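Tertiary structure, described
Given next are the chains, with one letter for each unit.
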Amino acid sequence: MTDFSGFQSAIVQDRTEWNDRVFSLRVTGAQLNFKAGQFTKLALPDSDGKLVARAYSLVNAPLTTSDVLEFLIITDPDGQLSPQLHQLQKGDSLYVAQSAHGDLVFDTIPKHTKTLWLLSTGTGIGPFLSLLDDISFRPACEKVVLVHGVRKETDLVYRYLINQLVDQYQGRLVYQPIVSRENVSGALNGRVTDLIEQQHLMQHCRADFAPDDSFVMMCGNPQMIKDTTKILLGLGLTKHRSAEPGNIVFERYW
Ligand SMILES: Cc1cc2nc3c(=O)[nH]c(=O)nc-3n(C[C@H](O)[C@H](O)[C@H](O)COP(=O)(O)OP(=O)(O)OC[C@H]3O[C@@H](n4cnc5c(N)ncnc54)[C@H](O)[C@@H]3O)c2cc1C
Ligand SMILES: NC(=O)c1ccc[n+]([C@@H]2O[C@H](COP(=O)([O-])OP(=O)(O)OC[C@H]3O[C@@H](n4cnc5c(N)ncnc54)[C@H](OP(=O)(O)O)[C@@H]3O)[C@@H](O)[C@H]2O)c1
């Protein structure tokens, strides 16, 4: 492959099809220094040989023993890069950026946090799986609530990993799937925003959004983040900035 500055070549080691649009790529051969919860860029050359790059979150935690990087991706048939990534098979080449970024990391969580809410929609669950899976930096909060809002049951990805994490956290981790367009046993029905406004989410998960000791990380659909932030501000929570600590941080996917 041609050499593109800021990027390194890598190989698809494995892929998982969750449904006809959502898939995971496991990639090897790139050296990436990252913190659990961060994102990097994946890239492929277009027909003119120009690199098309987009941001993707790591799903796995950093491993000292291997260079495996895992990504959870939804393909947008009209998009430039995601349909090309969807075509990649085992052994195919792609490019990975040389750096990782993002604030959905352990260091961002205030030490006094009692309840950590991880609110995600769609592929936005990825960074939270990475964060929870990092055995070196496990959030020490009394309770961690992982919320995954999706359209359909088949969008509820990584159930085996989530079950393992729930076991490992020994009662401190609650996983709450929310499915908006189907009724699914064990999942709440609707949108995270409505379920917070109606108090259902808090009652169901036995957890509060408390300005004193709750911390909320959000990732995924930008409108969900905007609408949820508005509701949380109404509950007395504030946006978190390094110069001005608060309760809410987020990463918008588009
Ligand atoms: C910090 C960051 C991290 C990201 N991490 C991921 C990730 O882990 N997995 C992932 O699938 N995407 C992720 N994205 C989105 C990703 O970077 C691309 O925008 C997406 O794959 C579409 O690229 P494209 O070239 O195919 O389409 P484009 O032509 O660039 O975009 C087409 C449209 O697709 C929609 N879209 C983009 N991303 C998503 C998404 N994730 N879910 C639903 N609709 C979307 C938007 O409406 C967008 O306008 C992330 C984005 C950012 C900013
Ligand atoms: N997943 C699929 O099967 C599918 C199929 C066709 C096209 N797509 C395209 O793929 C892209 C991503 O789809 P996606 O399903 O991963 O993500 P998505 O459209 O962001 O939906 C994920 C979840 O977020 C909810 N949501 C959306 N806006 C919200 C808001 N403002 N507040 C609270 N919750 C909100 C959705 O509820 P609602 O269901 O109520 O919107 C759904 O439960 C979209 O651009 C879509 O056009 C996806």
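Quick summary incoming for the structure in this document. (Residues numbered from 1 in each chain as written. Chains lettered and ligands numbered in written order. Predicted model: local features only at pLDDT ≥ 70, side-chain atom pairs only at ≥ 80, totals over all residues. Heavy atoms only, no water.)

Our next topic: the overall build of the protein chain. Across its full length, the protein chain holds six helices and twelve strands. For 254 residues, the compact-globule estimate of 2.2 N^0.38 gives 18 Å, and the C-alpha radius of gyration of the protein chain, at 18 Å, lies within 12% of that figure. In the protein chain, buried positions account for 52% of the 254 residues. Across the protein chain, contacts joining residues at least 24 apart in sequence account for 70% of those joining residues at least 6 apart. Counting only carbon and sulfur atoms, one obtains 45% of the accessible surface of the protein chain, whose full area is about 12,700 Å². In the protein chain, which carries 24 positive and 28 negative side-chain charges, the distance between the mean positions of the two groups comes to 4 Å. (Helix = DSSP H or I, 4+ residues; strand = E, 2+ residues; numbered from the N terminus. Rg over C-alpha atoms; globule rule 2.2 N^0.38 Å. Buried < 20%, exposed > 50% of the residue type's maximum accessible area, 1.4 Å probe, protein only. Contact = heavy atoms within 4.5 Å. Areas by Shrake-Rupley, 256 points an atom, 1.4 Å probe, with all protein chains shown as cover. Lys, Arg positive; Asp, Glu negative; His and termini not counted. Charge placed at Lys NZ, Arg CZ, Asp CG, Glu CD.)

Near ligand 1 lie 19 residues; those nearest to it are Ala55, Tyr56, Leu72, Leu81 and Ser82. Within the contact set of ligand 1, an oxygen atom lies 3.4 Å away from a side-chain nitrogen or oxygen of Trp254. Relative to its unbound accessible area of 880 Å², ligand 1 is 75% covered by the protein chains. Those elements that place two or more of their residues in the shell around ligand 1 are strand 4 (51-57), strand 5 (69-74), helix 1 (82-87) and strand 12 (248-252). If one sorts the elements of the shell around ligand 1 by residue count, strand 4 sits on top with four residues. Partitioning the shell around ligand 1 into residue classes produces ten nonpolar, five polar and four charged. For the shell around ligand 1, the two domains that each supply at least three residues are domain 1 (7-97) and domain 2 (106-252). (Near = heavy atom within 4 Å. Polar contact = N/O pair within 3.5 Å; in protein donor to acceptor, adjacent residues only side chain to side chain. Nonpolar A, V, L, I, M, F, W, Y, C, P; charged D, E, K, R; others polar. Domains from an automatic or database assignment.)

On to helix 6 (residues 222-234), then. Over its 13 residues, helix 6 extends 19 Å from the first C-alpha to the last, a length consistent with the 18 Å expected when each residue adds 1.5 Å. Looking only at helix 6, the buried set comprises Pro222, Met224, Ile225, Thr228, Thr229, Ile231 and Leu232. The inward-facing, buried residues of helix 6 contact strand 7 (115-121), helix 4 (192-197), strand 11 (214-220) and strand 12. Measuring from the backbone nitrogen of Gln223 back to the side-chain oxygen at the start of helix 6 gives 2.8 Å, which picks out Asn221 as the cap. The positive-phi residue at the C-terminal boundary of helix 6 is Gly236, with phi of around 100 degrees. (Expected span 1.5 Å × (residues − 1).)

This part takes up the state of the cysteines. Overall, the coordinates contain zero disulfides when judged by the stated rule. The thiol of Cys205 is unpaired, and the distance to the nearest cysteine sulfur, on Cys141, comes to 15 Å. The structure places no disulfide on Cys219, whose sulfur is separated from the nearest cysteine sulfur, that of Cys141, by 18 Å. (Disulfide = S-S within 2.5 Å.)

Bringing the sheet that holds strand 2 (residues 22-28) into the picture now. Taken in spatial order, the six strands line up as 4-3-6-1-2-5 in an open sheet, and their pairing is antiparallel. Looking at which strands have only one partner, the edges of the open sheet turn out to be strand 4 and strand 5. Going from strand to strand, the sheet's axes swing by 40 degrees on average, the running direction of each strand aside. Strand direction decides the pairing type here: strand 3 (residues 39-45) and strand 4, joined by seven bridges, are antiparallel. Paired with Thr40 across the bridge in strand 4 is Tyr56. (Pairing = 2+ DSSP bridges. Axes fitted to C-alpha atoms, helices over the stretch in contact; angles between N-to-C directions.)

Further remarks concern the sheet that holds strand 7. Here six strands make up an open sheet; going across it, the order is 10-9-8-7-11-12 and the pairing parallel. Because the sheet does not close on itself, it has two edges, and the strands there are strand 10 (188-189) and strand 12. Against the sheet, helix 3 (residues 159-168) engages strand 8 (143-150) and strand 9 (173-179), with an angle of about 150 degrees to strand 9. Of the strands in this sheet, strand 7, strand 11 and strand 12 are in contact with helix 6, which crosses strand 11 at around 160 degrees.

Further remarks concern the nonpolar core. Side chains of nonpolar character tend, in soluble globular proteins, to be buried together. With 32 residues, the main nonpolar core has Leu116, Leu118, Leu129, Leu132, Leu146 and Met217 as its most contacted residues. Contributing elements (two or more residues each) for this core: strand 7, helix 2 (126-133), strand 8, helix 3, strand 9 and strand 11. With four residues, the top contributor of residues to this core is helix 2. Split by domain, this core shows at least three residues from each of two domains, domain 1 (7-97) and domain 2 (106-252). (Core = buried A, V, L, I, M, F, W, Y, C linked by side-chain atoms within 4.5 Å.)

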